[in-house]
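Listed below, chain by chain, are the residues.
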Amino acid sequence: MRDIRQRNYTLGLPAALAATALWGFTFLGPAAVAPVNIYCLVVGRYAVFGALSVVVLAIHRDKLRQLGMPNVLRAMHLGVVGYIGFYLLLSMSAEVAGGVLASTLTGLIPAMVALVSNSLEKALEWRRLVLSIVVMSGGLLLVNGGAGALASGDGHDTLVGTALGFAACVAWSYFVVVNGLLLRRARTPVDNTVWTACIGLGACCASVFLIPLARSAGGPSPFADTGTFWTFLAWCTVLAVLGSWCATWFWNIATRHLPTTLMGPVIGMEAVFGALFNLMWEGRLPTFHELWGGLLVMAGVFLCAYLFHRARVAAAG
């Protein structure tokens, strides 16, 4: 098992969970700024993320020069694919075939990341990995209420929506796997703050292409009145700082200390945290599917972590 003994699980796992919790928090954004359309929120959020990134890069000019332009562009392309590409494809999937199908398909992401990463890292025996993936995927299906997702809607729309949703899963899986490869294979240590800022700059630049969608998607303008504007700006700032900057920063820490194979299942916690924050927002208790789905996801994640721990102890012995 490749370099499994050198990984710091005590630091990496809490960092990964913190990142997924912060990404889960962003699920509140659309409801918080409604009826302003979600594309406006995305453009505003990544504009703030980009502005923050520019300030950080200006402060850390020396480290930016050390990183080098090729690595800057590599980090920026992760922001384009992982943040804007993923969100745009997922939104198109939801628009064509419905939000239930789109959200259900995101359950493929942890499995995709784990399977691709384990083929590269060979961090865990396949028979052990599959069990945790099955448990977690079943939980995600329950959390997202996807049991009837494929049974509704026009057949053509369902097919197109499924293709778009699958492409969205590929985009986010690409971000996770390639981000890990780039950070671990860098010839010199990469400063996490500068790397995060470069990802944010890429996401900000790509979000410009969402402006036409924001203008045509309907709903009131975020500049319609003072109250709407300040609420919109506050949520853009909170989501940019917590859900973009801090989440990415924590995720990069986890990437340095955990096998990407383990980080795949951990991504499933994003849906659990998102559901939890929405329950708090709506002031209600979870349904049967939400409760047991969330418990299954957590069971799958911690089962995978336990199996990795056992593999590390065996490798050390």
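It should be emphasised that the depicted structure is a prediction, and the values quoted were computed from it without experimental measurement. (Residues numbered from 1 in each chain as written. Predicted model: local features only at pLDDT ≥ 70, side-chain atom pairs only at ≥ 80, totals over all residues. Heavy atoms only, no water.)

Can you help me understand a nonpolar patch on the surface in this one?
There is a patch of nonpolar side chains on the surface, built from Phe288, Leu291, Trp292 and Leu295 and spanning about 420 Å² of accessible area. Inspection of the secondary structure assignment puts Trp292 in helix 15 (residues 288-316). (Patch = residues over 30% accessible without salt bridge, like charges linked within 9 Å, V, L, I, M, F, W, Y side chains within 5 Å. Areas by Shrake-Rupley, 256 points an atom, 1.4 Å probe, with all protein chains shown as cover. Salt bridge = Lys/Arg side-chain N within 4 Å of Asp/Glu carboxyl O. Helix = DSSP H or I, 4+ residues; strand = E, 2+ residues; numbered from the N terminus.)

How do you make sense of the nonpolar core when you look at a structure like this?
Note that soluble globular proteins tend to have their nonpolar side chains buried in a common cluster. Tyr83, Trp172, Phe175, Trp195, Trp251 and Leu262 are the most contacted members of the largest nonpolar core, which totals 89 residues. Dropping the residues within four chain positions of it, Trp172 is found in contact with Trp23, Gly82, Tyr83, Phe86, Ile109 and Ile267. (Core = buried A, V, L, I, M, F, W, Y, C linked by side-chain atoms within 4.5 Å. Buried < 20%, exposed > 50% of the residue type's maximum accessible area, 1.4 Å probe, protein only. Contact = heavy atoms within 4.5 Å.)

Please clarify how the environment of Val176 should be interpreted in this entry.
Summarising the element assignment, Val176 is placed in helix 9 (residues 155-185). Distance in space between the C-alpha atoms of Val176 and Trp251 is 9.1 Å, their sequence separation being 75 residues.

Looking at this structure, I do not really get the packing of helix 3 (residues 38-59) against helix 12 (residues 226-257). What am I missing?
The contact between helix 3 and helix 12 brings their axes to 8 Å, and the two run at 60 degrees. Classified by the angle their axes make, helix 3 and helix 12 are oblique. Between helix 3 and helix 12 lies a crossing whose hand is right-handed. Of helix 12, the residues touching helix 3 (which contributes Cys40, Leu41, Gly44, Arg45, Tyr46, Val48, Phe49, Leu52, Ser53 and Val56) are Phe232, Cys236, Thr237, Leu239, Ala240, Gly243, Ser244, Trp245 and Thr248. Tallied by class, the residues present in the contact of helix 3 with helix 12 amount to 12 nonpolar, 6 polar and 1 charged. (Axes fitted to C-alpha atoms, helices over the stretch in contact; angles between N-to-C directions. Parallel < 35°, antiparallel > 145°, perpendicular 65-115°, else oblique. Left-handed = near helix turned anticlockwise from the far one by under 90°. Nonpolar A, V, L, I, M, F, W, Y, C, P; charged D, E, K, R; others polar.)

Would you mind showing me how to read helix 8 (residues 126-143) here?
Along an α-helix, a turn takes 3.6 residues, which lines up residues three or four apart on a common side. Relative to the 26 Å expected for 18 residues at 1.5 Å per residue, helix 8 spans 26 Å between its end C-alpha atoms, a close match to the ideal helical length. Listed in full, the buried residues belonging to helix 8 are Leu129, Ser132, Ile133, Met136, Gly139, Leu140 and Val143. End-on, the buried residues of helix 8 take up no more than an arc of 130 degrees, which puts them together on one face. Facing away from the buried surface of helix 8 by more than 90 degrees, the exposed residues are Arg127 and Val134. (Expected span 1.5 Å × (residues − 1). Arc of directions from axis to C-beta.)

Even after reading the chapter, I still don't get the confidence of the model for the protein chain, so can you show me in this structure?
It should be kept in mind that the predicted coordinates are not to be read in detail where pLDDT is low. Residues with a pLDDT of 70 or more make up 88% of the protein chain, whose mean pLDDT is 84. Ranking the elements of the protein chain by mean pLDDT puts helix 6 (residues 99-105) last, at 67, and helix 10 (residues 192-207) first, at 96. Scored below 50 in pLDDT, residues 1-6 makes 16 contacts in the model with residues more than four places away or belonging to other chains. In this model, residues 146-152 is a region of pLDDT below 50 whose contacts with residues beyond four sequence positions or in other chains number 11 contacts. (pLDDT = per-residue confidence, 0-100.)

When you look at the environment of Val135 in this model, what are you seeing that I'm missing?
Mapped onto the secondary structure, Val135 falls in helix 8. Residue classification places Val135 among the partly exposed residues on the basis of a relative accessible area of 22%. Leaving out residues up to four positions away in the same chain, Val135 has contacts with Leu296, Ala299 and Gly300.

Honestly, the pattern of salt bridges in this entry has me stumped. Any pointers?
Where charged atoms from two side chains of opposite charge come close, those side chains can pair. Under the defined criterion, the tally for this structure stands at 3 salt bridges. Asp62 is paired through a salt bridge with Arg65; the nearest N and O atoms lie 2.3 Å apart. Here Asp62 pairs with Arg65, and both are found in helix 4 (residues 61-67), just 3 residues apart, close to one helical turn. Asp191 is paired through a salt bridge with Lys63; the nearest N and O atoms lie 3.3 Å apart. Taken together, the positions of Asp191 in the loop between helix 9 and helix 10 and Lys63 in helix 4 put the pair 128 residues apart, joining distant regions of the chain. The exposure class of Asp191 is partly exposed, given its relative accessible area of 25%.

Just checking my understanding: could you explain unusual backbone geometry for this structure?
Excluding glycine, most residues fall at negative phi; most peptide bonds, likewise, are trans. Following Ala34, the chain continues into Pro35 via a peptide bond in cis, with omega recorded as 10 degrees. Position of Pro35 relative to the elements: it lies in the loop between helix 2 (29-33) and helix 3.

What is the right way to look at the side chain of Thr20 in this model?
One can find Thr20 in helix 1 (residues 9-25). You can call Thr20 buried: its relative accessible area is 0%. A distance of 2.9 Å separates a polar atom in the side chain of Thr20 from the backbone oxygen of Leu17. In contact with Thr20, not counting residues within four places along its chain, are Trp251, Val266, Ile267, Met269, Glu270 and Phe273. (Polar contact = N/O pair within 3.5 Å; in protein donor to acceptor, adjacent residues only side chain to side chain.)

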